[in-house]
Amino acid sequence: MPLQIRLSTRELFSLTGVLLLAFSASLGMPFNIDAIALSFGVTNTTAGLVASVEMAAIAAGNLTFARLATRLSAQHVYIAGVFSVVSLNLLSIIAPTTDWLLLCRAPAGFALGAVVATVMTTAGRSHRPESTFGVINSMVGVMGIFIAFVLPRALELHLFLPGITGWTEVDGLYLVYAMCSIFAFLFIPGTPRTAPVALTGDREERPKLMIGWLGLVGLGVIFLGHGTLALFIVKIGRAVPLMPEEIGYVFMAGSLVGVGLPLLAGYIGTRMNALAPLAMILLVVMVSANLLATADTPVKFFIMAPLFAILPVAIMPIFLGCLARVDPTGSLAGSHAAFVLIGGATAPFAGGALSDLGGFTLNGWFVIGCVLVGGMFIYPVIRRADSLRAR
């Protein structure tokens, strides 16, 4: 198909590098929420609101650029987006209040959304999208290992950083994120230069695209539920109780599993229909949500936290492959981050409110409800993609 492109190993590696290094602040969001609450002396709900605003901004940037990505120079988007992310990560360090922090994180999120949309639209045009998304999500696991090891130690940087201004726990985190996003510039020259795509309004294509958009809504609902619990894993671990370094090791274990799981999912996605593996993953998400929400011993936390945290990564290669089959331009796949993050944007605030209201057990039941509802929404696009595969 003329819409499809063959990514070289170097191009795929460069795309992944730009995405993950720019995206580091979002990968560390559970630590961000905990650090904001400690640094500014605010409640879970207020700290979650800061995270919600940032995720909503990422979603807005993603939706804006998902269709523009096929018409603009990808490398120009990367340069402008990464420069904005670097600058605003640095400004976040000196934010004196949560209101000022909100003013920094919102535009940083929008710029990041533009980068994510452009990377994922390009990946969605790959000739083997399941494998491409499997590699990208596998590298999320690698980055997660780094984040989980570094961030617990970055929380202590304020004790050693010099200067007359009082440093706090969250400042060390944003310093790490700024350094990561600077390194993203090194990968931009290796990203692919793709030809523009003319998007049509063919009436025969509209029903397929509507099914795809419905599936994206369902994906957002699933991630809304998942985020209301996953973003508070650090707080659940503290209540067990565990030290931040010990919680970091749990995240590292989950990220290690997350390296191989997407590759396995991508392999399965290229060789069998999507319905059975996706249904199995969602069932395990619901079971692990309930067990994590009621975790009261280190052993239970050590098993359930990494399993629950990493399972959505296994969904993505298969589901994004379905979207790429329904829409070969990559526009639907490029838009997926917006829906994930619209759900994710609500999750910190909603999860904080739920935990303040009834403890994390309430969060666990909310996850189960969201997975059931979201599963009904994604079912039509999965069936459509499986039908296209059969042809």
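Below: a short report on this structure.

What counts, and at which threshold
- Residues numbered from 1 in each chain as written.
- Predicted model: local features only at pLDDT ≥ 70, side-chain atom pairs only at ≥ 80, totals over all residues.
- Heavy atoms only, no water.
- Helix = DSSP H or I, 4+ residues; strand = E, 2+ residues; numbered from the N terminus.
- Buried < 20%, exposed > 50% of the residue type's maximum accessible area, 1.4 Å probe, protein only.
- Contact = heavy atoms within 4.5 Å.
- Polar contact = N/O pair within 3.5 Å; in protein donor to acceptor, adjacent residues only side chain to side chain.
- Disulfide = S-S within 2.5 Å.
- Patch = residues over 30% accessible without salt bridge, like charges linked within 9 Å, V, L, I, M, F, W, Y side chains within 5 Å.
- Areas by Shrake-Rupley, 256 points an atom, 1.4 Å probe, with all protein chains shown as cover.
- Salt bridge = Lys/Arg side-chain N within 4 Å of Asp/Glu carboxyl O.
- Axes fitted to C-alpha atoms, helices over the stretch in contact; angles between N-to-C directions.
- Parallel < 35°, antiparallel > 145°, perpendicular 65-115°, else oblique.
- Nonpolar A, V, L, I, M, F, W, Y, C, P; charged D, E, K, R; others polar.
- Expected span 1.5 Å × (residues − 1).

Another point: the environment of Asn363. With respect to the secondary-structure elements, Asn363 resides in helix α15 (residues 360-390). Residue classification places Asn363 among the buried positions, given a relative accessible area of 0%. The spatial distance from the C-alpha of Asn363 to the C-alpha of Ala293 is 6.9 Å, given a sequence separation of 70 residues. Ignoring any residue separated from it by four or fewer positions in sequence, one finds Asn363 in contact with Thr228, Leu229, Gly351, Leu354 and Ser355. At 3.1 Å, the side chain of Asn363 forms a polar contact with the backbone oxygen of Gly351.

Using the criterion set out here, one finds 0 disulfides in the structure. Left unpaired, Cys180 is separated from the closest cysteine sulfur, that of Cys104, by 18 Å. Look at Cys180 and you get buried, because its relative accessible area is 6%.

Here we take up a nonpolar patch on the surface. A contiguous nonpolar surface patch, about 350 Å² in accessible area, is contributed by Met280, Leu283, Val287 and Leu291. Among the secondary structure elements, Leu283 is positioned in helix α12 (residues 275-293).

We now examine the packing of α12 against α15. Relative to each other, α12 and α15 sit at 175°, their axes nearing to 9 Å. One way to sum up the angle between α12 and α15 is to call them roughly antiparallel. Class assignment for the residues of the contact of α12 with α15 results in 16 nonpolar, 4 polar and 2 charged.

Over its 27 residues, helix α6 (residues 98-124) extends 37 Å from the first C-alpha to the last, a length consistent with the 39 Å expected when each residue adds 1.5 Å. Burial runs high along α6: 21 of the 27 residues are buried.

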